[in-house]
Amino acid sequence: MSAVCLGIPGRVVEVLDGFHGQLALVDVLGASRRVNVGMLEVPPEPGQWVLIHMGFAVEVVDEDAAAEARSGLELMGRPADRVRRRFTVSGLVQGVGFRPFAYATAAALALTGRVANTAAGVVAEVEGDPEAVTEYGRRLRADGPPLAMVTAVEETAMTPQGGTGFTIDASGPAGEARTLASPDVATCDDCLRELRDPRDRRYRHPFISCTNCGPRFTIIETLPYDRATTTMAGFPMCADCLREYEDPADRRFHAQPIACPACGPELELRTADGTVAPAALGGADTSGGAEASGADTPGGAEASRGADTPGGADTPGGADTPGGAGALAAARAMLAAGRIVAVKGLGGYHLACDARNAAAVEELRRRKRRGGKPFAVMVSDLGVARELVAMTTAEEELLTGVRHPIVLLPRRIYADIAAPDVPPGPGRDVPPGPGRDVAPGPGRDAPPNTRWDSRPSSGRDTPPDTRWDSRPGSGGDRQLSPPGRGAVAEAVAPGNPDLGVMLPYTPLHVLLFGLAGDPPGPDVLVMTSGNLSGEPIVVDDRDAEERLSGLADAWLRHDRAIRVPCDDSVTRHAAGGELPIRRSRGYAPLPIALPFEVPPLLAVGADLKNTCALGAGRYAWVSQHIGDMDDLRTIEALGATEAHLEELTGVRPEVLVADAHPGYRSAAWARAHAGGRPVRLVQHHHAHVASVMAEHGLGAGERVIGVAFDGTGYGDDGAVWGGEVLVADYKAYHREAHLGYVPLAGGDASVRRPYRMALSHLRAAGVPWTPELPPVAACPPVERELLARQLTTGFGCVPTSSMGRLFDAVASLAGVCHTVEYEAEAAIRLAGLARVGFAAGAYRFPVTGDPGPVIRAVAADVVRGVPAADIAARFHAAVAALIADLAEAARRSSGLGVVALGGGVFQNALLAGAATEALRERGFTVLLPRLLPPNDGGLALGQLMAAASA
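Residues numbered from 1 in each chain as written. Predicted model: local features only at pLDDT ≥ 70, side-chain atom pairs only at ≥ 80, totals over all residues. Heavy atoms only, no water.

### What to know about the pairing of strand β7 (residues 112-118)
Most of β7 is tucked away, with six of its seven residues classed as buried. Of the strand pairs in this sheet, β7 and strand β8 (residues 121-128) are connected by seven bridges, and their pairing is antiparallel. Bridging from a neighbouring strand, T118 pairs with G121 of β8. Hairpin geometry of β7 and β8 is characterised by an intervening segment of two residues between the two adjacent antiparallel strands. Bridge analysis of β7 against strand β10 (residues 166-168) gives three bridges, and the strand direction is parallel. (Buried < 20%, exposed > 50% of the residue type's maximum accessible area, 1.4 Å probe, protein only. Helix = DSSP H or I, 4+ residues; strand = E, 2+ residues; numbered from the N terminus. Pairing = 2+ DSSP bridges.)

Right, here's the structure in full:
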């Protein structure tokens, strides 16, 4: 091949320092350009000629060959002039290392120019060889940083300006923002290695981060995303950090939260009596031992797992080590001693205690007024998680991904906890759960339609210390690890078959568990939001001292402010994919791409699990989890969250949207803050269906069969809906079918006491209230007499079609749960039993949706002494079959073949999996929520879409 075809000739001026001999300044037709010379065997010498192709020097040539190449270009009519082009990159491109990527890409292609953050996104102007400029645009679209999400790249031709450098400019002024702010990201492996490396200058630094990890959303004041617009603005970089920040070859090149022990935030531990264990930077003399932590009570640090040196100055966790080790060692000692420590994290304070210490967990539950609601736990590493729970490959990927959410996983001992009344017969072959034939695991031969008992006492023919999970939807590959140090305290998740587990997602968490050589401490911590139950999470330090004063024994805190409250996200794997339960840290504020343009709108969600959403153009921004609207602080948090979301997105809503329930506080907030703007109302279950449609990208004219099953939603007829089948598009819906009405007597009283719903269903089904039925025995005689009069006269009753209340009724009727301390407790316990029960002989609903036949069958089984686990499994199978039957009837009348499943009942992984399989077996396309929760946490998106289509 001749030199004419190889590229553009240029003469080397110099090989540039700081790029490992990979970059040279080259004179190309009178213009100085940076050229990548890394493809050459040896770096060229100044004065030598090279041929350049796509920004790379591909060959060293003599002067005659260079002249021949130049002549060839002229003969081919190839432009030798430079071109300049502006690229405006939209999407999740701030806070994810996109500017450093744009810089490095330009350097690799020998392009000059600049890049900056603006309210519109990242704007890069590059100049150089036309082919290299074209390649630059391609790489911006396809090869961005791992955390980036590019949604559009707009190109504009510019007049060449010359120049030899490429700069990262100061960010442009704020305007109408459409840039996507990045969620917070769990600590990356590179930072974790440095955190553990005694030779690294960030060894044990609790705030280590880089371009690929660390705080984002929770520290952003406004966009564009620069250090000056975050809560890191008050921490000027030291010379070492600044050098890394400005070095294109460094992993922290333009990483905004960059810090080190010399210039970053500092830790302190403040105990309830005012004792302070400082960060211990620069040789503070705090020992971090039991005396510093106040751990002088029985069961203290000296008695905790051999922790006879709880972090003294002469130990690896002592005060003379870097990074706040004195405060951390003292906190670890307190946790080991059974104390409760408030820990400041990314999005707020946690209340932490040793999850294996029953007394500590019970005390935290008492102080927090938690009732029986489960706590989540943070484990020191994946190995500890495997001791406590069983995981499929997909579930492990959820747990270890960049978001590090809380993942709901089956406890190793869930069968013993969930089904104490199931006979423990050895080798019992259990029929499959609803609609599932699950193999016992890899390499196992099993008869068709067989499920293997997964209880430790089953005596199954399996290798020693091996157990296989057989839950519907598990895929049969969840192998339970051999027993380890033991389970967490039962008070962590009393009577619950699942455990919410997360891994450490900040360096502070990693250090709290301790590094190699540290004194022993807990390997499993309860990590629950820092608040009283029902209140929003605490983020402010002074507020934390006041509001958590009766809850915590000490506060492990730092001086980096939290701009945005953000609870931990909760998720699970069900029916072949992720099923979010609470979307918050790590997910918010990522937008949802919309299938059509919407005007500027604000949807305020529901009163339970509240989130709000802003929409404009082709995007909707759903907020982080806010909470339940039964506390004034939560209502105030809705206002603050909405205002911050407006600041980040630039959306100025012209219409507000709320739930049609006349008593919702969220709707009242919308009316109070409308300021003359219209407030549109959307029916609750229509919003559930529209939300699922939107996240799956269904167009404006498309219709679906929507199955919306939940606990409560205000119906068009004034009844309490919750067992609905709708034929719907975004604009309108038709109520195709619903669960049969029964009286809901006393409103919330029947929600808190499932035995009341059981008695109501028994009365409606014509079943006498005989003493052998558990809900009859559970209801006090005086209350039972009053309830009977209510049901007879209708006084204080409202009709309900709620599937959630039917789950409550069956749970009480089977003797599983008669009163609840948290939402859906009865249904959760019933689902736990269903995992180990016989589904053979499942009940059957008529296609009318009348629950009476099922209630009569359940009552008969109870009287016959059928185990509660079998009743639970049969009931789940019946509900899954009902969904398929009702969808079939709706298809006959509508011709539709797509079913959208929404509403809080579908948080139940067992039911979601069984219903999905039953529908697919009948040829339906099934849409389950995958980006937003099926519960009311996803409602705001549906409200927004319905209002935009009205």
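Now that the structure is up, let's keep going.
### So, the packing of aromatic side chains
Aromatic rings in a pair are described by how distant their centres are and how their planes are angled relative to each other. Here the structure, examined in full by the defined rule, presents seven aromatic pairs. Seen from their ring centres, Y103 and F253 are 5.1 Å apart, and the 75 degrees between their planes marks the pair as edge-to-face. Pair noted here: Y103 is in helix α2 (residues 98-108) and F253 is in the loop between α5 (239-245) and β11 (267-271), with a separation of 150 residues, a long-range link. Note on accessibility: Y103 and F253 belong to one class, buried. (Phe/Tyr/Trp six-rings, centres within 6.5 Å; stacked < 30°, edge-to-face > 60°.)

### Side note on the environment of G371
With respect to the element layout, G371 can be found in the loop between α8 (358-368) and β15 (376-379). For the pair G371 and E821, spaced 450 residues apart in sequence, the C-alpha to C-alpha distance is 5.6 Å. Once residues lying within four places of it in the same chain are set aside, the contact partners of G371 are R365 and E821. (Contact = heavy atoms within 4.5 Å.)

### Focus: empty space enclosed by the protein
Under the criterion given, the structure shown has eight cavities of 30 Å³ or more. Approximately 160 Å³ is the volume found for the largest cavity. For the largest cavity, the lining is made up of 21 residues, of which P215, L346, T506, P507 and R560 are closest to its centre. Partitioning the lining of the largest cavity into residue classes produces 13 nonpolar, six polar and two charged. (1 Å grid on protein atoms, 1.4 Å probe; cavity = no way out; pocket = protein on both sides within 12 Å on 5 of 7 lines; lining within 4 Å. Points joined across faces, edges and corners; volume = space filled by probe spheres on them. Nonpolar A, V, L, I, M, F, W, Y, C, P; charged D, E, K, R; others polar.)

### Examining helix α26 (residues 939-949)
Of all the eleven residues making up α26, ten are buried; the element is thus mostly covered by neighbouring parts of the structure. By the burial criterion, the buried members of α26 are L939, A940, L941, G942, Q943, L944, M945, A946, A947 and S949. Looking at the buried residues of α26, the elements they touch are β26 (591-603), β27 (613-622), β28 (655-659), β29 (679-682) and α16 (684-695).

### Concerning the pairing of strand β23 (residues 554-558)
Strand residues, when the strand is regular, have side chains that alternate between the two faces of the sheet. Burial analysis of β23 places five of its five residues in the buried class, which makes it a mostly covered element. Where burial is concerned, the two faces of β23 agree: the one with A554, L556 and H558 and the one with W555 and R557 are both buried. Pairing of β11 with β23 involves five bridges; the strand directions are antiparallel. Paired with L269 across the bridge in β23 is L556.

### Some words on the confidence of the model for the protein
Residue-level pLDDT values for the protein average 84, and 83% of them are 70 or greater. Residue range residues 279-323 is modelled with pLDDT below 50. Its contacts to residues more than four positions away, or to other chains, number 105 contacts. (pLDDT = per-residue confidence, 0-100.)

### A closer look at the layout of surface pockets
Each pocket or cavity is described by its volume, and for the second largest pocket that value is around 470 Å³. Surrounding the second largest pocket, 24 residues form its lining, T187, D189, L192, H404 and P504 being those nearest its centre. Put simply, the parts of the chain that give the lining of the second largest pocket at least two residues each are α4 (189-196) and α12 (507-513). Considering every element that reaches the lining of the second largest pocket, the biggest residue donor is α4, with three residues. Its residues assigned to classes, the lining of the second largest pocket shows 13 nonpolar, eight polar and three charged.

### Re the pattern of salt bridges
Counted by the stated rule, this structure contains 52 salt bridges. Note that R99 is salt-bridged to D226, the shortest N-O span being 2.7 Å. In this pair, R99 is assigned in helix α2 and D226 in the loop between α4 and α5, connecting sequence segments 127 residues apart. The two residues R99 and D226 agree in class, both being buried. D885 is the salt-bridge partner of R844, the closest N and O atoms lying 3.0 Å from each other. Residue R844 is located in the loop between α22 (825-834) and α23 (852-864), and its partner D885 is located in helix α24 (residues 868-894); the two are separated by 41 residues in the primary sequence. Residue class for D885 comes out buried when judged on its relative accessible area of 15%. Salt bridges sharing common partners tie together R84, R86, R114, E125 and E127. (Salt bridge = Lys/Arg side-chain N within 4 Å of Asp/Glu carboxyl O.)

### Side note on the sheet that holds β7
Each strand in a sheet pairs with another by means of backbone hydrogen bonds, the pair being arranged parallel or else antiparallel. The strand order across the open sheet built from five strands is β9-β6-β8-β7-β10, with neighbouring strands paired in mixed fashion. The open sheet has two free edges, formed respectively by β9 (149-158) and β10, since each of these has just one partner strand. Direction aside, the axes of adjacent strands within the sheet are offset by 15 degrees on average. This element, α2, spans β6 (83-92), β7, β8, β9 and β10 of the sheet and lies at about 175 degrees to β10. The sheet strands contacting helix α3 (residues 130-142) are β6, β8, β9 and β10, and the helix crosses β6 at an angle near 0 degrees. (Axes fitted to C-alpha atoms, helices over the stretch in contact; angles between N-to-C directions.)

### Here we look at the side chain of T528
Inspection of the secondary structure assignment puts T528 in strand β22 (residues 524-529). Assessed through its relative accessible area of 4%, T528 is described here as buried. T528 has contacts with Y349, H350, L351, L364, K368, R370 and F375, leaving out every residue within four places of it along the chain.

### With respect to the environment of D523
Among the structural elements, D523 can be located in the loop between α12 and β22. Sequence separation between D523 and M378 is 145 residues, and the spatial gap between their C-alpha atoms is 8.4 Å. A distance of 2.9 Å separates the side chain of D523 from the side chain of R356, its partner in a polar contact. (Polar contact = N/O pair within 3.5 Å; in protein donor to acceptor, adjacent residues only side chain to side chain.)

### Topic: the sheet that holds β29
Pairing is mixed across the open sheet formed by four strands, whose spatial order is β27-β26-β28-β29. Strands at the two margins of the open sheet, each flanked by one partner only, are β27 and β29. Looking at each pair of strands side by side, their axes are set apart by 60 degrees on average, direction ignored. The sheet contacts of helix α14 (residues 632-649) involve β26 and β27, and relative to β27 the element is tilted by about 150 degrees. Packing against the sheet, helix α15 (residues 665-672) makes contact with β26, β28 and β29, and its axis sits at approximately 160 degrees to β28.

### Examining the nonpolar core
Counting residues in hydrophobic clusters, the biggest one holds 75 residues, and the most contacted among them are F875, I883 and L901. Per-element accounting of this core gives the leading share, 15 residues, to α24. Residues contacting F875, with those up to four places away along its chain left out, are L806, F807, V810, L830, Y843, F845 and V854. By size, the runner-up hydrophobic cluster in this structure holds 67 residues, among which are A106, I168, L192 and M334. (Core = buried A, V, L, I, M, F, W, Y, C linked by side-chain atoms within 4.5 Å.)

### A closer look at unusual backbone geometry
The phi angle of most residues is negative, glycine excepted, and most peptide bonds adopt the trans form. A588 connects to P589 through a cis peptide bond whose omega is 10 degrees. Along the chain, the position of P589 falls in the loop between β25 (577-582) and β26. The residue A575 is not glycine, and still its phi comes out positive at about 50 degrees. Relative to the assigned elements, A575 resides in the loop between β24 (570-574) and β25. Take A575: its relative accessible area is 13%, and that puts it in the buried class. Despite not being glycine, K609 shows a phi value in the positive range, around 50 degrees. Within the secondary structure, K609 sits in the loop between β26 and β27.

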